[in-house]
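Listed below, chain by chain, are the residues.
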Amino acid sequence: MSGLDASAIRALTWPGDPEKPVEDCTPQEARQQYLDGFSRMQNPLEEVDAVTERRIGDIRLKIWRGRGAPDHDAPALLYLHGGGWVIGAPETHEDICRILANAVGAVVVSPDYRLAPEHPFPAAVEDCAATLIWMNEQAGALGIDPKRILVAGDSAGGNLASILALMARDAAVPPIIGQVLIYPVTDQRQASDSYRRYGQDFGLTAAGMRWFRDHYLPAGADLADWRASPLCAASLQDVAPAFIVLAGHDVLFEEGLAYAELLQAEARASLRIWPGQIHGFLSMGGAIPEARDALDAIAQAWRSMDPAFGG
């Protein structure tokens, strides 16, 4: 574990019930295990001005209005939770959503998008796209400015956010002002050297990632389809500005870095790497103080992409 931050080592050895490796679980077991344990390393939730729920058909949405958010024309964030497209919910990432809502004085919306394997690819993409369209159409009722919507997500959610940004560029969904990608999945081929170097003993494993992918993508799916592997998109030109957060000791590090470098070459992007951190560290603020540093950096990047803040 050479090179790991002390806080990452603490998180990897955090006391509590031992978790069964996700690759040894059924999807139902993995979901319950995640719901039972996700809050162990999180800080108490910050107070916000309001928390509500809405529905778009069968899609449940959770909405947080941050402290200081204006009643009208507020900045807005569509946050897409991680969990390998198989586990997780808005509640598992509520700490991140509340912190960002307060930090920017904004409205944050997170959909409980359909999960695999019951609803395989591209169901999650479709639900996230439907949420972005709904936010644009309901901007007045939500008290948000439709010209100030940003998308963000972590891990599988970062994958979905990057895909929405490409769809927005192509006018398949409404435009966005930017994208925040937190240790995103960008290449379903899973062939980077990170899978060898960090595929075991650093939290998320290579075997776990294969389990997630194989539940999400139908048998025989094209692993280079950009709607699953945005790194394989023909071009990233004219995509919305991006801020990418990476953990140095992460099975996804190299594909995230490759995507960041493509964005920097073909569009506009900035990158922050926490070299001694592990996958998922933003959701471990109770054990890893660097999580708050990363969230502060995200809030600053968000403001820099919002024209109303001078972005």
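Located above this text is the structure these notes cover.
Here the structure is a predicted model, which means the values were calculated and not measured.

Visitor: Help me understand the packing of aromatic side chains in this model?
Guide: Aromatic ring pairs: the centre-centre distance and the angle between the two ring planes describe each pair. Per the stated rule, a full pass over the model turns up six aromatic pairs. When the ring of tryptophan 85 is compared with that of tyrosine 216, the centres are 4.4 Å apart and the planes differ by 5 degrees; the resulting orientation is stacked. Residue tryptophan 85 is found in the loop between strand S3 (74-80) and helix H3 (94-104), and its partner tyrosine 216 is found in helix H8 (residues 206-216); the two are separated by 131 residues along the sequence. Just as tryptophan 85 is buried, tyrosine 216 falls in that class too. By the ring-pair criterion, three or more aromatic residues cluster together here, those being Trp85, Phe121 and Tyr216. Taking the ring centre of phenylalanine 309 as reference, the NZ or CZ of arginine 148 above it sits at 5.3 Å.

Visitor: Quick question: what am I supposed to make of unusual backbone geometry here?
Guide: Most peptide bonds take the trans configuration, and most residues that are not glycine carry a negative phi. The peptide bond linking alanine 116 to proline 117 adopts the cis configuration, its omega dihedral lying at 5 degrees. Of note, proline 117 is situated in the loop between strand S4 (107-111) and helix H4 (123-137). Following phenylalanine 121, the chain continues to proline 122 via a peptide bond in cis, the omega torsion being 10 degrees. Relative to the elements of secondary structure, proline 122 occurs in the loop between S4 and H4.

Visitor: Help me understand the nonpolar core, please; the structure alone is not making it clear to me.
Guide: Burial of nonpolar side chains together is a common tendency in soluble globular proteins. Residues Met135, Leu160, Leu164, Phe212 and Tyr216 are the most contacted members of the largest nonpolar core, which totals 68 residues. Here this core takes nine residues from helix H6 (residues 156-169), the largest share from any one element. Setting aside its immediate chain neighbours within four residues, phenylalanine 212 contacts Val22, Gly83, Gly84, Trp85, Val86, Ile87 and Leu204. Residues Val104, Leu282, Met284 and Ala299 belong to the second largest nonpolar core, which totals 43 residues.

Visitor: Got a minute to help me understand the pairing of strand S2 (residues 59-65) in this structure?
Guide: On any regular strand, side chains alternate: one points to one face of the sheet, the next to the other face. Most of S2 is tucked away: seven of the seven residues are buried. Burial of S2 is two-sided: the residues Ile59, Leu61, Ile63 and Arg65 facing one way and the residues Arg60, Lys62 and Trp64 facing the other way are all buried. Note: strand S1 (residues 50-56) against S2, seven bridges, orientation antiparallel. The residue bridging alanine 50 from the neighbouring strand is arginine 65, located in S2.

Visitor: Is there a simple way to explain helix H2 (residues 27-37) in this structure?
Guide: Since there are 3.6 residues in each turn of an α-helix, residues three or four apart along the chain are aligned in direction. Within H2 the residues assigned to the buried category are Pro27, Ala30, Arg31 and Gly37. The buried side chains of H2 occupy one side of the element, clustering within an arc of 150 degrees when seen end-on. The inward-facing, buried residues of H2 abut H8.

Visitor: When you look at the pairing of strand S7 (residues 242-249) in this model, what are you seeing that I'm missing?
Guide: Of all the eight residues making up S7, eight are buried; the element is thus mostly covered by neighbouring parts of the structure. Where strand S6 (residues 178-182) and S7 come together, four bridges link them in parallel fashion. Its bridge partner being in S7, isoleucine 182 is matched across the sheet by valine 245. Relative to strand S8 (residues 269-278), S7 runs parallel, the two being bridged by seven bridges. If you follow valine 245 over to S8, its bridge partner there is arginine 272.

Visitor: Sorry, what's going on with the environment of glycine 208 here?
Guide: Note that glycine 208 resides in helix H8. Owing to a relative accessible area of 0%, glycine 208 belongs among the buried residues under this scheme. Between the C-alpha atom of glycine 208 and that of proline 21, which follows or precedes it by 187 residues, the distance is 7.5 Å. Setting aside anything within four residues of it in sequence, one finds glycine 208 in contact with Val22 and Glu23.

Visitor: In this structure, what is going on with the packing of H3 against helix H10 (residues 290-305)? I would like to understand it.
Guide: For any two helices packed against each other, one specifies the inter-axial angle together with the distance between the axes. Contact geometry for H3 and H10: axes closest at 10 Å, N-to-C directions at 45 degrees. Between H3 and H10, the crossing angle belongs to the class labelled oblique. Considering only the axes of H3 and H10, their crossing is right-handed. Facing Ile96, Ile99, Leu100, Ala103 and Val104 of H3, the residues of H10 in contact are Arg292, Leu295, Ile298, Ala299, Trp302 and Arg303. Across the contact of H3 with H10, the residue classes tally to nine nonpolar, no polar and two charged.

Conventions and cut-offs
- Residues numbered from 1 in each chain as written.
- Predicted model: local features only at pLDDT ≥ 70, side-chain atom pairs only at ≥ 80, totals over all residues.
- Heavy atoms only, no water.
- Phe/Tyr/Trp six-rings, centres within 6.5 Å; stacked < 30°, edge-to-face > 60°.
- Helix = DSSP H or I, 4+ residues; strand = E, 2+ residues; numbered from the N terminus.
- Buried < 20%, exposed > 50% of the residue type's maximum accessible area, 1.4 Å probe, protein only.
- Lys NZ or Arg CZ within 6 Å of the ring centre and 35° of its normal.
- Core = buried A, V, L, I, M, F, W, Y, C linked by side-chain atoms within 4.5 Å.
- Contact = heavy atoms within 4.5 Å.
- Pairing = 2+ DSSP bridges.
- Arc of directions from axis to C-beta.
- Axes fitted to C-alpha atoms, helices over the stretch in contact; angles between N-to-C directions.
- Parallel < 35°, antiparallel > 145°, perpendicular 65-115°, else oblique.
- Left-handed = near helix turned anticlockwise from the far one by under 90°.
- Nonpolar A, V, L, I, M, F, W, Y, C, P; charged D, E, K, R; others polar.

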